Amino acid sequence: MTHGWRRWVRIWRRTPEADVDAEVRFHLEARVEELVAAGQPPDSARARALEEFGDLAAVRTELVSIDRRIAGQRRRADWWEGAWLDLRHVMRGLRRSPGFTVMVAATLALGIGANAVVFSLLDRLFLQPPAGVAHMDALRRLRFTVSNPRRPKPFTRGVFNYPEVRSVSEAAPAGTSVMAYVDDNVHLGSEPGTSVVTAAYVVGDYFAVLGVHPAAGRFFAPDEQRPSGLTPLAVIGYRFWQTHFAGRRDVLGDSLQIGAHWFTVIGVAPDGFTGLELGAAELWLPFNTMEGWASWSGRKADWYENPNTFSLNVVARLSGSTTGPAFAASATNALASQITQRGSTGIASVASLNGAPGEEFHEAEFSISRRLGGVAIIILIIACANVTNLLLIRALSRRRETAVRLALGVSRRRLALQFVLEAMIVAAIGGLAALLLTWWAGSALRHVLLPSVSWSGAAINTRVLLFAIAVTLVSGVAAGLVPALQGSHPRLTDALKSGVREGRITRSRTRTALLVLQAALSVVLLAGAGLFVRSLQSVEAIDLGYDANRLVFASAAPVEDDTAQVRQIAVALPDVAAQLEHAPGVERVALASRAPMSGFSIMQVFTPGQDSALTGGPFGMPTFDVVSPGYFATVGVRLDAGRGFTTADRTGAEQVAVVNRTMANLFWPGGRAVGNCIMLEKADTPCRRIVGIVSDAHVGEVIEAPSPAYYLPLAQAPPGWERAGVIVLRTRPDVAEAVRATATRQMAGAFGFRVVPRVRGMSASLAREYHKWQLGATLFSVAGALALLVAAVGIYSTIAFIVGQRRHEIGVRIALGAQSAHVARVVITQGLRVVAAGVVLGVVAALAMGKLVASLLYGVSPHDPLVLGAVAVVLILVAVTACLVPAWRAARVDPMETLRAE
């Protein structure tokens, strides 16, 4: 019988059943022998012995159970003892190499921390349901996709006007409840500088649809939410109750001032409920109180019937028998007639409350946040590849020790588990460091990515903690698997007789593949960073048509919504502008109907002999502004032909207009615009002569197609536009903030009634437009830098290990006449070959993945050769730098010392 078969037979004989059978047989035979010796016949003796033993099967079963329990306890004790010994052995090894331990743990901390930080962000945006909402699976948001022949492609909107909400609610299937809401910022009190909070204006049974119950008081009754009339009632949030009313139980019936008006508190929302938007609502008010307080002055409150006011989010709670598609079909039918009147067709759809509400307002930021998840995974892969390489190098450097332990009887399985345990320990250390990184960087990333979102709670919660633990476990196992497989299977004979004198090291395809992977993924991240940086440069280089860094806009609104006060402000603005003209740092002052790039107005335009209105541009027809003389020089718009407005363009004089270059080329090609005329609103109105052509200036956004536009003098404005709405100040760039403060004080003190000054610089207004490109450039640059750092550590560690293992060979080469420069060149070349392969693969991957970020770029192709070439050069330079120290050490090897050493 072979040794293997004898071993299996021996194991089989040692089973609890076999041991119990042998023991029972021994005792039975011993008793039989005793009875036979006492004079009983053998058959009688055996029968009596069996009778004395009782139920032999039951005894055997009980004994087997006892043996199994004891064997299990022994195995568990042996396992825990072995695990404790392995843990002590691994910990001793890590303590002997503190630099290695810190390097590996820090590398994993970067990868795990990056994923935990991004998960904390995505969890809040896309995974966490709104707090306090009951039976959320029955709630649906309404979306509407509209197609129009005048638009290049359909667009989906999530907001509706009040007539649409009413139609959808009336047409909803039986048992389905529909409500709508819109969040807006409101001032507490009427004094300048008062705090601003978010209020949700609600339509329908808002709280009942969401399944929310009051913590105190009550919510709005159905007749208190009617669109007509006014309902000065308020429901306050739980946090607002604690901070503004000290949590008083008698808060019900108290008055709360919002703007210049007073509301009666009727209820308190439950703790944790902050509405459905990402910005936490602290107040809930009836929708009929939203109309800019125009209703309070006694004017007819019919603003909600305006079909062009799209602001309401619609949410429905489906009944048990109603499905989402059925509700969407009813909404499609209800909205069909309204959109058909505007020449459009559409179809409604529904979406879960899960996901980021209000996404249409943060589209670019949400796109970047989703892509950050992929970036974080890439960083984790690079970190795991680097740690795997480091642990593999460590395992190979200990191959003699491993061989000795194998020769002494330690199993390969136990050795492999020790390698995995080592990886798990450093991963656990890295995971703890990653939690600190998440706690610090998570809050920073939240406010950098989406500063307008209300981020309640810390960056680390139970879900983030569990996610970090899972990533840590996966990273530890992934990083330790390859070293365990390779390190626990050395060739015993070669390993036991090997030494420094041998001076050779086996080439490792695994190490090379891991280095190539790190380099390739680093190229992908660096390419993304380069593309966003180029996009930011392209966007910032766009000529908006204005001297944006020199412009400050000043306006004011009365605290009381009084039409007379609004007129007084408009009449007094020229006097305030004249005073500000002499303020320090102010170079020019002009008046306009609105600030540049803060909206636009459209009026039908006709030319002589043409019955149809002029059309063209992204807005359907030319836009216009009403401005004072000197406006063009103030904002930096160039005069290309003719003249601008002067004080002679007043009431009673010839009516004039100025057009921009796009409008001139579109309707009067060949330079024939000056001298022609246009009619406004109707084809039979008096003709306005075009006296000048100015350069194009952007109307609403940083990135937009050129559009036709014209300007009218303030003194000859159409009815309703006779008064300016904003003062435009041209300043020196270095004093814009000082001028803003001066204008704020001047506006606050210029009127005999209380006003809210609104003074802002154009650069600050444009910051939102530039934000997504700045954000992408910053985040991808940080990710690329982290990847580059980790890759550099991996290259350095691998080359340094190879040089250390080849010291004997290098010493022999130098002794035989090799030059130090040649030795250093060989070492550097070895590292560059690996990195070059990684660069090639990385460029191919970057080209393939370019379409994932193409929609977030501007003015640069995702396959930009300049970016890819620069990334390749940077990575190669980093590789050369990482190889310099090992190369320097190799070149300084002392051949005599090396040849004498074992």
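Just so you know, these numbers come straight off a predicted model, no measurement behind them.

Observations concerning the packing of helix α2 (residues 16–37) against helix α3 (residues 42–53)
Viewed as axis vectors pointing N to C, α2 and α3 meet at an angle of 130 degrees, and their least axial separation amounts to 8 Å. One element, α2, and the other, α3, form an angle in the oblique class. Regarding α2 and α3, the two cross each other, and that crossing is right-handed. Contacts between α2 and α3 pair His27, Leu28, Glu29, Arg31, Val32, Leu35 and Val36 from the former with Pro42, Ala45, Arg46, Arg48, Ala49, Leu50, Glu52 and Phe53 from the latter. For the contact of α2 with α3, the class distribution of residues is 9 nonpolar, 1 polar and 5 charged.

Details of the pairing of strand β12 (residues 551–558)
Extensive coverage of β12 is indicated by the burial of 8 of its 8 residues. Of the two faces of β12, both are covered, the one formed by Leu551, Phe553, Ser555 and Ala557 as well as the one formed by Val552, Ala554, Ala556 and Pro558. Here β12 pairs with strand β22 (residues 726–731) via 4 bridges, running antiparallel. The residue of β22 that forms the bridge with Leu551 is Arg730. Looking at chain direction, β12 and strand β23 (residues 755–761) are connected through 7 bridges and run antiparallel. Each residue of the ladder has a partner; that of Val552, found in β23, is Gly761.

With respect to unusual backbone geometry
We note that His135 has phi near 50 degrees; this positive angle belongs to a residue other than glycine. Here His135 falls in the exposed class, since its relative accessible area comes to 63%. You will see that Met597, though not glycine, has its phi angle at about 60 degrees, which is positive. Considering the arrangement of structural elements, one finds Met597 in the loop between β13 (586–592) and β14 (601–602).

Some thoughts on the state of the cysteines
Within this structure, the stated rule accounts for 1 disulfide. Two residues share a disulfide in this structure: Cys677 and Cys687, whose sulfurs sit 1.7 Å from each other. Negative torsions about the S-S bond denote left-handed disulfides, and the value of about 105 degrees found for Cys677 with Cys687 makes this one right-handed. Taken together, the residues span a long stretch of sequence, with Cys677 in strand β19 (residues 677–680) and Cys687 in the loop between β19 and β20 (688–694) at a distance of 10 residues. Under the relative-accessibility criterion, Cys677 is labelled buried at 18%.

Thoughts on the pattern of salt bridges
Under the defined criterion, the tally for this structure stands at 14 salt bridges. Taking the shortest distance from any N to any O, the salt bridge between Arg239 and Glu282 comes out at 3.9 Å. In this pair, Arg239 is assigned in helix α8 (residues 238–245) and Glu282 in the loop between β8 (261–268) and β9 (283–286), connecting sequence segments 43 residues apart. Here Arg661 makes a salt bridge to Asp640, at a shortest N to O gap of 3.7 Å. Here Arg661 is found in helix α18 (residues 661–667), whereas its partner Asp640 is found in strand β17 (residues 639–642), with 21 residues between them in sequence. By sharing partners, the salt bridges in this structure join Asp547, Arg550, Glu587 and Arg730 into a single network.

Looking at the environment of Ala648
Mapped onto the elements, Ala648 comes out in the loop between β17 and β18 (656–660). The spacing of Ala648 and Pro629 is 19 residues in sequence and 9.3 Å in space, taken between C-alpha atoms.

Here's the deal with a nonpolar patch on the surface
Residues Leu465, Leu466, Ile469 and Leu473 make up a contiguous nonpolar surface patch of roughly 350 Å² in combined accessible area. Relative to the assigned elements, Leu473 resides in helix α13 (residues 462–487). For Leu473, a relative accessible area of 44% corresponds to the partly exposed category.

Here we look at the confidence of the model for the chain
Residues at a pLDDT of 70 or more form 84% of the chain, whose mean pLDDT is 79. Confidence drops under a pLDDT of 50 for residues 1–13, and excluding neighbours within four residues, the segment shows 5 contacts in the predicted structure. Here residues 499–506 is a poorly scored stretch, pLDDT under 50, and it has 20 contacts once near neighbours within four places are set aside; other chains count.

Points about the nonpolar core
By size, the foremost hydrophobic cluster in this structure holds 96 residues, and its most contacted members are Tyr546, Tyr631 and Tyr711. Here this core takes 16 residues from helix α20 (residues 762–805), the largest share from any one element. With residues up to four places along the chain from it excluded, the contact list for Tyr631 reads Ala590, Leu591, Ala592, Pro596, Tyr711 and Val728.

Some thoughts on helix α6 (residues 162–171)
Among the residues of α6, those classed as buried are Tyr162, Pro163, Glu164, Val165, Ser167 and Val168. Two or three places before Glu164, at the opening of α6, Asn161 has a side-chain oxygen 2.8 Å from that residue's backbone nitrogen.

A few points about the packing of helix α15 (residues 509–540) against helix α23 (residues 865–891)
Contact geometry for α15 and α23: axes closest at 9 Å, N-to-C directions at 135 degrees. In terms of axis orientation, α15 runs oblique to α23. Judged by the twist between their axes, the crossing of α15 over α23 is right-handed. Of the residues in α23, those touching α15 at Ala519, Ser522, Val523, Leu526, Ala527, Gly530, Leu531 and Arg534 are Leu866, Val867, Leu868, Val871 and Leu875. Here the contact of α15 with α23 is composed, by residue class, of 10 nonpolar, 2 polar and 1 charged.

Reading guide: rules and limits
- Residues numbered from 1 in each chain as written.
- Predicted model: local features only at pLDDT ≥ 70, side-chain atom pairs only at ≥ 80, totals over all residues.
- Heavy atoms only, no water.
- Axes fitted to C-alpha atoms, helices over the stretch in contact; angles between N-to-C directions.
- Helix = DSSP H or I, 4+ residues; strand = E, 2+ residues; numbered from the N terminus.
- Parallel < 35°, antiparallel > 145°, perpendicular 65-115°, else oblique.
- Left-handed = near helix turned anticlockwise from the far one by under 90°.
- Contact = heavy atoms within 4.5 Å.
- Nonpolar A, V, L, I, M, F, W, Y, C, P; charged D, E, K, R; others polar.
- Buried < 20%, exposed > 50% of the residue type's maximum accessible area, 1.4 Å probe, protein only.
- Pairing = 2+ DSSP bridges.
- Disulfide = S-S within 2.5 Å.
- Salt bridge = Lys/Arg side-chain N within 4 Å of Asp/Glu carboxyl O.
- Patch = residues over 30% accessible without salt bridge, like charges linked within 9 Å, V, L, I, M, F, W, Y side chains within 5 Å.
- Areas by Shrake-Rupley, 256 points an atom, 1.4 Å probe, with all protein chains shown as cover.
- pLDDT = per-residue confidence, 0-100.
- Core = buried A, V, L, I, M, F, W, Y, C linked by side-chain atoms within 4.5 Å.
- Polar contact = N/O pair within 3.5 Å; in protein donor to acceptor, adjacent residues only side chain to side chain.

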